[in-house]
Amino acid sequence: MARARLDEVHAEIARTAKIAGRTPTDITLIAVSKTHPAEAVTPFIAAGQRVFGENRVQEAQGKWPALLAAHPDIELHLIGSLQSNKAEDAVALFGTIHSVDRLSLITALAKAQDKLGRRPRYFIQVNIGDEAQKGGGAVADLGHLVQQAQSADLDVVGLMAVPPANVEASPYFALLAKLARDHGIAQLSMGMSSDLEAAVMLGATYVRVGTALFGARPAL
Ligand SMILES: *Cc1c(COP(=O)(O)O)cnc(C)c1O
């Protein structure tokens, strides 16, 4: 089942990339395994998937160290919001962190990098729909945030966003792509199970897919 679902999602990415005149291998599938136990993850590893996403540091700490020890070529991405007091744990475990959205966190991550001698890759998260309770820096502050992260020696590779729920996502994806171009940033982390096609059309280089691979998550 893991292989069939991976094949399906890869086929959708490839089909959409072709329409958009893009190279499918420029789009990396992050398999979002949050809430699913290690036993649910191993079939995907066996099927060849090597890029995974988690949204909580503590959950990932329970699940991933053994899997990473067995498969050192796995890339683990943190896609959920990060508290500054968890920055060191995040830098220790994740190769890529998608949720950099404020100066206090940048400072904590820089300190953790120095202490641990590890340098993950980072996405700056943008609150693309200007929603009160959502993570991400304001669109208007993006230039400032990128500059602060770069001056703190964070390896900023991309922008990440989660568009508002229950509305057409495309305008938000288009805006994130424009912001990346404006700031000379190459990677775009956008698109989930329900809006994968639109995200690939509009330039996503990383898509974060949970439900379409692992099935529905238990209600929280
Ligand atoms: C859970 C999650 C996803 C995956 O969502 P699905 O709809 O299950 O594909 C993607 N991005 C973020 C930030 C998430 O928290």
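The sections below set out a description of the structure shown in this document. What you are looking at is a predicted structure, and each value in this text was computed from that prediction instead of being measured.

Attention now goes to the site of the ligand. As a structural note, the neighbourhood of the ligand is formed by V32, K34, I79, M160, V162, M192, S193, R208, V209, G210, T211 and R217. Within the backbone of G210, an N or O atom sits 2.8 Å from an oxygen atom of the ligand. Relative to its free-state accessible area of 390 Å², the ligand is covered by the protein chains to the extent of 88%. When grouped by side-chain class, the residues that make up the shell around the ligand number six nonpolar, three polar and three charged.

Take the nonpolar core next. Counting residues in each nonpolar core, the largest one holds 65 residues, and the members touching the most others are F52, W64, I97, L109 and L159. Element by element, the count of residues in this core is highest for helix α5 (residues 103-116), at six residues. Residue contacts for F52: discarding those within four places in its chain leaves I30, A31, S33, V41, F44, I45, W64, I74, E75, L76, H77 and F214. Counting residues in hydrophobic clusters, the runner-up holds eight residues, among them I30, V51, M160 and Y206.

The next thing to look at is helix α7 (residues 170-182). Its 13 residues give α7 an end-to-end C-alpha distance of 18 Å, which sits within 8% of 18 Å, the value for a rise of 1.5 Å per residue. Taken residue by residue, α7 has F173, L176, A177, L179 and A180 as its buried positions. Buried positions in α7, seen along its axis, are confined to an arc of 160° and lie on one side of it. Counted as exposed and oriented over 90 degrees from the buried face of α7: P171 and R181. If you follow the buried residues of α7, they end up packed against α6 (142-151), β6 (155-160), β7 (187-189) and α8 (196-201). Where α7 terminates, the next one or two residues include G184, which has phi positive at roughly 65°.

Conventions adopted
Residues numbered from 1 in each chain as written. Predicted model: local features only at pLDDT ≥ 70, side-chain atom pairs only at ≥ 80, totals over all residues. Heavy atoms only, no water. Near = heavy atom within 4 Å. Polar contact = N/O pair within 3.5 Å; in protein donor to acceptor, adjacent residues only side chain to side chain. Areas by Shrake-Rupley, 256 points an atom, 1.4 Å probe, with all protein chains shown as cover. Nonpolar A, V, L, I, M, F, W, Y, C, P; charged D, E, K, R; others polar. Core = buried A, V, L, I, M, F, W, Y, C linked by side-chain atoms within 4.5 Å. Buried < 20%, exposed > 50% of the residue type's maximum accessible area, 1.4 Å probe, protein only. Helix = DSSP H or I, 4+ residues; strand = E, 2+ residues; numbered from the N terminus. Contact = heavy atoms within 4.5 Å. Expected span 1.5 Å × (residues − 1). Arc of directions from axis to C-beta.

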